[in-house]
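Chain by chain, the residues run as shown.
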Amino acid sequence: MRTFFDELYENYHQDLFQFLIYMVKDRSLAEDLVQDVYVRVMKSYDSFNGESTEKTWLFSIARHVAIDHFRKQKRKRNRIMEFFDWTEKGEELQDKKKLPEEIAVQNDQMQHVYRALDECTVDQRSVLIFRYIQGLSIRETADILSWSESKVKTTQHRGMKALKTKLDKIDEGRGEHEEAQR
Amino acid sequence: MKKHKDEDVENLLNKLPSIEDRQSKEAVFQKVSSRVNKKKRKTPPWLLPGMATIAAVVLLAVFIPVYFNNNNEMFTGEESTDQMHTTSDTYSSSEFEETEEAIPSAEDESEVEEARPEENDNEREDASIAEDDGKESEVPKTEENNVQTVEDTNGFNSLIAGPNIEQYETVTYPGMNGEVVLPLVPVTENLEQVPSTSYGLAERATSDLKYEISEQGDTVTVIFPEDFSVSGSSWTQAIIESIRWDLAHLETDTIMIQTESGAPVPLGNYGEMTEIPAIKNGEYVFKLYQYEGSDEQLLAPVAVEASPSFLEALHLMKESGQALYVKPAIPSHVQFTEVSTEEGLVTINVDHQAWASEQQLLTMVEAILATAEQFGFHAVQFEGINVREFSPYNLDEPIAVPEKINPMIIN
């Protein structure tokens, strides 16, 4: 088990963590999820039949771990909503997560892009992270997601559109603010 | 207002920085490994406490009436009370005589043997307490009670098997993660009674094997089933190590292995093998194995490399991190200033700060004794251990190394 873990860790750990933290935007949560990925990998290694590459298999597991987390979060939120009225305060609670240090030291525009990723759906965000942050090809992304290449392209296009809309909105808001100050 | 283009957004996404995981590789492995090895709960969580409660209620229902009946009898008249005292005196004196008889036989042994745990003294103490105690001494001494007395007299958890359970064999179990094996002496004829879960023991790796030992005891052949196969290097290692520790007491250099038809045995990554080396002096030090959430500790042999000296071995016993659930047997505040050897006796000069407990000192002493045995010494003399009270061993005398470790008393 140790040798297998060492091999995976050396080859993929950083990319795995990178994918998960950009998905969930929370360091300690990403640390927990990356462990979940390894646990699932260790438990299901026998079922890995070699049809896909090790990397594709690993990232596909990571994506499912992230999706499971979002589902659990949603169920939890729904349960809480049944007891409390969040209609007003719920909006305020969004987007108040602390930025990771690596993002906090970047300029405003980079921070806006990081925050704007929240405007994308989970699928769109996965595609954008794989394609632009991890630098994977359309084919590799399609393999990880078990999609056709055309579906990857469509999702990527929609994700970019959602990002652009959000960034445009931020710029508009900033323009109005600056005018008001003058 | 300028609208963002696809290329602009792509560029920004490409420039997003790499966010690094700050957990160490070791920390991730430890957490993952403990979760992978965690057994799923097979029974509902309320079942055991529920059954325990029912058992307690049943016991109370049985014993409370008996207790009250006995008390009533005791206070029914002076005559019966006197009679009772007489009976208990008879029991305690005969028991005391038995203990007294046992002492000279121990005294006949060598000086080194005298320095074994002060079991006889404790038994003597027990006997005198029993003499004063009247009713408690009515419990007849069975063989099993004797065993319990040796291990638990002082209220300490001893990891060394006393001479009174020498008829029981060493049986080796892999630890739960398969990284270490644990030679034990279960005090039972039925190995199914071994509480493997509470000690964190995996299934025995050698249960399907047969050991054929020559009459002289100098050669041993391990017979594997005809269809034997093993997958995974850690389990292969666990099988080999279990065999070596099961047979550690034999005076042999090699252990022959074969299938029932006499063919070589396929041992995973090792390929087909016909023999495995027996354990030699200086190959292992002893540390402590404690499975997560368990209170039970066992001495665990941890292999060392490059034939260290005994002093180096003692330092290795202070190190942590070789295997999961294995921790140092020697506290970090303990320093060894000098180690000298003379005809099988090793003298260790110890410099230390305060001990966390008498148990901590006992565990360290016993782990050192086991390691000294592995290095071929017959006895250990400790110098410089300053404690106000330490009842399990007499530290002023050389202490004999143990023949067997990890006694497991099964009630």
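Residues numbered from 1 in each chain as written. Chains lettered and ligands numbered in written order. Predicted model: local features only at pLDDT ≥ 70, side-chain atom pairs only at ≥ 80, totals over all residues. Heavy atoms only, no water.

A. Structural context of the confidence of the model for chain B. Of the residues in chain B, 76% reach a pLDDT of 70 or more, and the chain-wide mean stands at 76. Taking the mean pLDDT of every element in chain B, the minimum, 34, falls on helix α7 (residues 143-152) of chain B and the maximum, 94, on strand β9 (residues 284-289) of chain B. (pLDDT = per-residue confidence, 0-100. Helix = DSSP H or I, 4+ residues; strand = E, 2+ residues; numbered from the N terminus.)

B. Quick peek at the packing of helix α2 (residues 27-44) of chain A against helix α2 (residues 25-37) of chain B. α2(B) packs onto α2(A) with a crossing angle of 50° between their chain directions and a minimal axis gap of 9 Å. Comparing their axes, α2(B) and α2(A) come out oblique. Relative to α2(B), the crossing made by α2(A) is right-handed. Contact residues: α2(A) offers Asp32(A), Gln35(A), Asp36(A), Tyr38(A), Val39(A), Met42(A) and Lys43(A), while α2(B) offers Val28(B), Lys31(B), Val32(B), Arg35(B) and Val36(B). Looking at side-chain class alone, the contact of α2(A) with α2(B) contains 6 nonpolar, 1 polar and 5 charged residues. (Axes fitted to C-alpha atoms, helices over the stretch in contact; angles between N-to-C directions. Parallel < 35°, antiparallel > 145°, perpendicular 65-115°, else oblique. Left-handed = near helix turned anticlockwise from the far one by under 90°. Contact = heavy atoms within 4.5 Å. Nonpolar A, V, L, I, M, F, W, Y, C, P; charged D, E, K, R; others polar.)

C. Representation of the nonpolar core in the model. In terms of nonpolar packing, the biggest core is built from 65 residues, with Leu201(B), Tyr289(B), Phe310(B), Ile348(B), Ile368(B) and Phe382(B) touching the most fellow members. At the level of elements, β1 (171-174), β2 (181-187), β9, β10 (298-303), α10 (310-316), β13 (345-351), α11 (358-374) and β14 (379-383) of chain B are the ones that each hand at least two residues to this core. With 9 residues, α11(B) is the single largest residue contributor to this core. Apart from residues no more than four positions distant in its own chain, Phe382(B) is found in contact with Ile348(B), Val350(B), Val365(B), Ile368(B), Leu369(B), Leu395(B) and Ile399(B). Counting residues in hydrophobic clusters, the runner-up holds 64 residues, among them Phe59(A), Val65(A), Phe70(A) and Ile144(A). (Core = buried A, V, L, I, M, F, W, Y, C linked by side-chain atoms within 4.5 Å. Buried < 20%, exposed > 50% of the residue type's maximum accessible area, 1.4 Å probe, protein only.)

D. Focus on the sheet that holds β1(B). Residue and element names in this part refer to chain B. Judged by pairing direction, the sheet is mixed, and its 3 strands sit side by side in the order β1-β2-β16 without closing on themselves. If you trace the sheet from one side to the other, it starts and ends with β1 and β16 (407-409), each paired once. Adjacent strand axes in the sheet meet at a mean angle of 45°, parallel and antiparallel pairs treated alike. Where β2 lies against β16, 3 bridges are found, and the strand directions are parallel. Directly across from Pro186, in β16, lies its bridge partner Met408. Most of the contacts of helix α9 (residues 233-246) go to β1, to which it runs at about 160°, and overall it touches β1 and β2. (Pairing = 2+ DSSP bridges.)

E. Up close: the pairing of β1(B). Residue and element names in this part refer to chain B. Side chains of β1 alternate between two faces, with Val171 and Tyr173 and Thr172 and Pro174 buried alike. Sheet topology places β1 next to β2; 4 bridges connect them, and they run antiparallel. Counterpart to Pro174 in the pairing with β2 is Val181. Linkage of β1 to β2, two consecutive antiparallel strands, is achieved through a turn of 6 residues, within which Gly178 is found at a positive phi near 75°.

F. Region of interest: the interface of chain B and chain A. In this assembly, 30 residues from chain B lie in contact with 43 residues from chain A. Carbon and sulfur atoms make up 62% of the area that chain B and chain A hide from each other, which totals about 3,800 Å². When the area that chain B buries against chain A is broken down by residue, the three leading residues are His4(B), Ile19(B) and Lys25(B), summing to 20%. Viewed at the interface, chain A and chain B are joined by 5 salt bridges. Here Lys25(B) makes a salt bridge to Glu10(A), at a shortest N to O gap of 2.7 Å. Connecting chain B to chain A are 14 residue pairs in polar contact (both at pLDDT 80 or more). Residues of the side of chain B that touches chain A, tallied by class, amount to 11 nonpolar, 6 polar and 13 charged. (Buried area = accessible area lost by both parts, 1.4 Å probe. Salt bridge = Lys/Arg side-chain N within 4 Å of Asp/Glu carboxyl O. Polar contact = N/O pair within 3.5 Å; in protein donor to acceptor, adjacent residues only side chain to side chain.)

G. Focus on the UniProt feature "transmembrane region" (unreviewed entry) in chain B. When the UniProt feature table is mapped to this numbering, "transmembrane region" (unreviewed entry) covers residues 46-68 of chain B. Taken end to end, residues 46-68 of chain B is 96% helix and 0% strand, and its first and last C-alpha atoms sit 33 Å apart. (UniProt positions renumbered as here; feature names shortened; annotations may be inferred.)

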